Amino acid sequence: MNDLFRAAGSELDRKKREALLHQLQRVLNEQVTQAPVYHLGFPTGLGPRVEDILAGAIPGFYLAPFEDLRLRRP
Amino acid sequence: MREPWPDFPAFYGTFVASAGWVVPKKYVEQVGEEGFRKAPVGAGPYKFVSFKPGVELVLEAFEGYWRKSPSIKRLVFRSLPDETTRAAALKAGEVDVALLLSGPVADDIRKTPGLRLVAPLLGIFWLDFPDQWDPKSPWADKRVRLAASLAIDRQALNQAETLGLSRPTGSLVPRDFEFALPFEPHPYDPKRARQLLAEAGYPQRVRRRRDRAVSTVQLDGRGHHGMAPGRRHPHADAQHGACGVHDRVAGEEAARGRAHHQRRVRQRGHAAGVLRDRGTAPSLSDPCRR
């Protein structure tokens, strides 16, 4: 796994890099090195003043860029 | 760099590592590390105003930000470690956004008129087996690790912890990540899990004190990745206990887990487990097997 990780980390050819990373994921899965549970849906409560937090605007992050956050106009 | 490193932009240009911070060199040299901590200056859309550790961080909009002027002129991040406190503050109108609510607390927010619950997909939660690299550890045996995975009822966990808003997965890598391979999660199969433990040399035995069958494999306390510090999945503990995999919990952590689990059982009648004390390392076990 370490060899695959190192090889993928310095491989510039996209196809070869993809093949290495796929192989690495298959090994992790087959060897049950971890037991994945779920992709967390991050439960977030919003108050009435919030117009939108644009959840997911940054993939893998729970809020939009802060400058994009908006409140409802009174 | 001495060799190609295609991950360089992701490592330094995103929050994956948060390793690349743009700061003013002259200012840092002038005030030093300690001074910078007290009055940091960066390149973002907000300016630092004040920080009280464990209490709040206050920011003000930087109108000259290159991308756009922030719509909200003042941001206050309050530190409210307890989720019921966060939810109460939201309901009282003291805060506008409350992060990471779970189970009944999230459900209460969802049902409160005027409030909304959203659930952006964040990271993967997984159970780790840090002792698997020790050849003397039970976790070095793939069958034991597989048993632990088969002992997790992911759908039940998802429902109890995040109201079904998470996505059970068999992969460590989110599906929308580049180069991700999707894997289906292992099914919940306690019978097969117990069989695998027996095959691996950890057969069930009768513990006279409780007069019930248990196995002797134990997960260590580091196993529940992704939770807040010291927090674990009591439902995962219960499911593991039902299959003979006993998660050790200690001290304050145990008390928190006990209260959390018992609350779930009372409110939902959902979990099959009860908590059983064993000194400072209680285990969750399946009452139907007692």
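Residues numbered from 1 in each chain as written. Chains lettered and ligands numbered in written order. Predicted model: local features only at pLDDT ≥ 70, side-chain atom pairs only at ≥ 80, totals over all residues. Heavy atoms only, no water.

**Student:** It is not clear to me how the overall build of chain A should be interpreted in this structure. Could you clarify?
**Tutor:** Assigned secondary structure in chain A consists of two helices and four strands. Expected size for 74 residues packed as a compact globule is a radius of gyration near 11 Å; at 20 Å, chain A overshoots this value by more than 25%. Within chain A, the proportion of its 74 residues that are buried is 45%. For chain A, the share of sequence-separated contacts (at least 6 apart) that also reach a separation of at least 24 residues comes to 9%. Surface summary for chain A: the accessible area is close to 3900 Å², and the carbon and sulfur share equals 54%. Distance between charge centroids for chain A: 3 Å, based on 10 positive and 9 negative side chains. (Helix = DSSP H or I, 4+ residues; strand = E, 2+ residues; numbered from the N terminus. Rg over C-alpha atoms; globule rule 2.2 N^0.38 Å. Buried < 20%, exposed > 50% of the residue type's maximum accessible area, 1.4 Å probe, protein only. Contact = heavy atoms within 4.5 Å. Areas by Shrake-Rupley, 256 points an atom, 1.4 Å probe, with all protein chains shown as cover. Lys, Arg positive; Asp, Glu negative; His and termini not counted. Charge placed at Lys NZ, Arg CZ, Asp CG, Glu CD.)

**Student:** Would you explain the sheet that holds strand 1 (residues 34-41) of chain A in this entry?
**Tutor:** Within a sheet, neighbouring strands are paired by backbone hydrogen bonds and run either parallel or antiparallel to one another. Read across the open sheet, the three strands follow the order 6(B)-1(A)-7(B); overall the sheet is antiparallel. With partners counted over all chains shown, the strands left at the sheet margins are strand 6 (121-128) and strand 7 (167-168) of chain B, one partner each. Alignment of strand 1 of chain A against strand 7 of chain B, held across two bridges, turns out to be antiparallel. For His39(A), the partnering residue across the bridge sits in strand 7 of chain B and is Arg167(B). (Pairing = 2+ DSSP bridges.)

**Student:** Sorry, what's going on with the interface of chain B and chain A here?
**Tutor:** Interface size is commonly expressed as the accessible area that is lost once the parts come together. Between chain B and chain A, the contact holds 71 residues from the first and 52 residues from the second. When chain B packs against chain A, close to 5800 Å² is buried across both sides, 62% of that on carbon and sulfur atoms. Sorting the residues of chain B by area buried against chain A places Arg116(B), Leu122(B) and Phe179(B) first, and these three jointly supply 15% of that buried surface. Applying the counting criterion to the chain B and chain A interface returns six salt bridges. (Buried area = accessible area lost by both parts, 1.4 Å probe. Salt bridge = Lys/Arg side-chain N within 4 Å of Asp/Glu carboxyl O.)

**Student:** Teacher, can you tell me more about the side chain of His22(A) here?
**Tutor:** Mapped onto the fold, His22(A) is located in helix 2 (residues 14-30). Polar contacts involving the side chain of His22(A) include one to the main-chain carbonyl oxygen of Phe179(B), which spans 3.4 Å. In this structure, His22(A) is in contact with Phe179(B), Ala180(B) and Leu181(B), ignoring residues within four places of it in sequence. (Polar contact = N/O pair within 3.5 Å; in protein donor to acceptor, adjacent residues only side chain to side chain.)

**Student:** Is there a simple way to explain unusual backbone geometry in this structure?
**Tutor:** Most peptide bonds take the trans form, and the phi angle of most residues other than glycine is negative. Residues and elements named next belong to chain B. Of note, the phi angle at Leu100 is positive, near 50°, even though the residue is not glycine. Mapped onto the fold, Leu100 is located in the loop between strand 4 (97-98) and helix 4 (103-111). By relative accessible area, Leu100 is classed as partly exposed at 33%. Phi is positive for Phe179, close to 70°, though the residue is something other than glycine.

**Student:** Help me understand the environment of Leu75(B) in this model?
**Tutor:** By the secondary structure assignment, Leu75(B) is in strand 3 (residues 74-78). It is 8.0 Å that separates the C-alpha atoms of Leu75(B) and Ala61(B), two residues lying 14 residues apart in sequence.

**Student:** What should I look at first to understand empty space enclosed by the protein in this one?
**Tutor:** It is a probe the size of a water molecule, rolled over the atoms, that shows where empty space is left. Taken as a whole and judged by the stated rule, the model has five cavities of 30 Å³ or more. If you add up the space inside the largest cavity, you get close to 140 Å³. If you trace the largest cavity, you find 14 residues lining it, with Leu28(A), Asn29(A), Pro36(A), Gly170(B) and Ser171(B) closest to the centre. When residues of the lining of the largest cavity are traced back to their parent elements, those giving at least two are helix 2 and strand 1 of chain A. For the lining of the largest cavity, the element with the most residues is helix 2 of chain A, which contributes three residues. (1 Å grid on protein atoms, 1.4 Å probe; cavity = no way out; pocket = protein on both sides within 12 Å on 5 of 7 lines; lining within 4 Å. Points joined across faces, edges and corners; volume = space filled by probe spheres on them.)

**Student:** Explanation requested: the environment of Val27(A) in the structure shown.
**Tutor:** Residues and elements named next belong to chain A. Assignment of secondary structure puts Val27 in helix 2. By relative accessible area, Val27 is classed as partly exposed at 24%. Beyond its immediate sequence surroundings of up to four residues, Val27 is in contact with Met1 and Leu4.

**Student:** Quick question: what am I supposed to make of the pattern of salt bridges here?
**Tutor:** If charged atoms from side chains of opposite charge come close, those side chains can pair. The tally for this structure, following the rule as stated, stands at 19 salt bridges over all chains. Its salt-bridge partner being Asp7(B), residue Arg17(A) comes within 2.5 Å of it at the nearest N-O pair. Taken together, the residues span two chains, with Arg17(A) in helix 2 and Asp7(B) in the segment before helix 1 (8-13). Classification of Arg17(A) as buried rests on a relative accessible area of 10%. A salt bridge links Glu63(B) to Lys73(B); its shortest N-O distance comes to 3.3 Å. Here Lys73(B) lies in the loop between strand 2 (56-61) and strand 3 and Glu63(B) lies in the loop between strand 2 and strand 3, a separation of ten residues in the sequence. With relative accessibility at 46%, the residue Glu63(B) sits in the partly exposed group. The class of Lys73(B) is partly exposed, set by a relative accessible area of 42%. Through salt bridges with shared partners, one network takes in Glu67(A), Asp68(A), Arg67(B) and Lys68(B).

So yeah, pure geometry; function would need other evidence.
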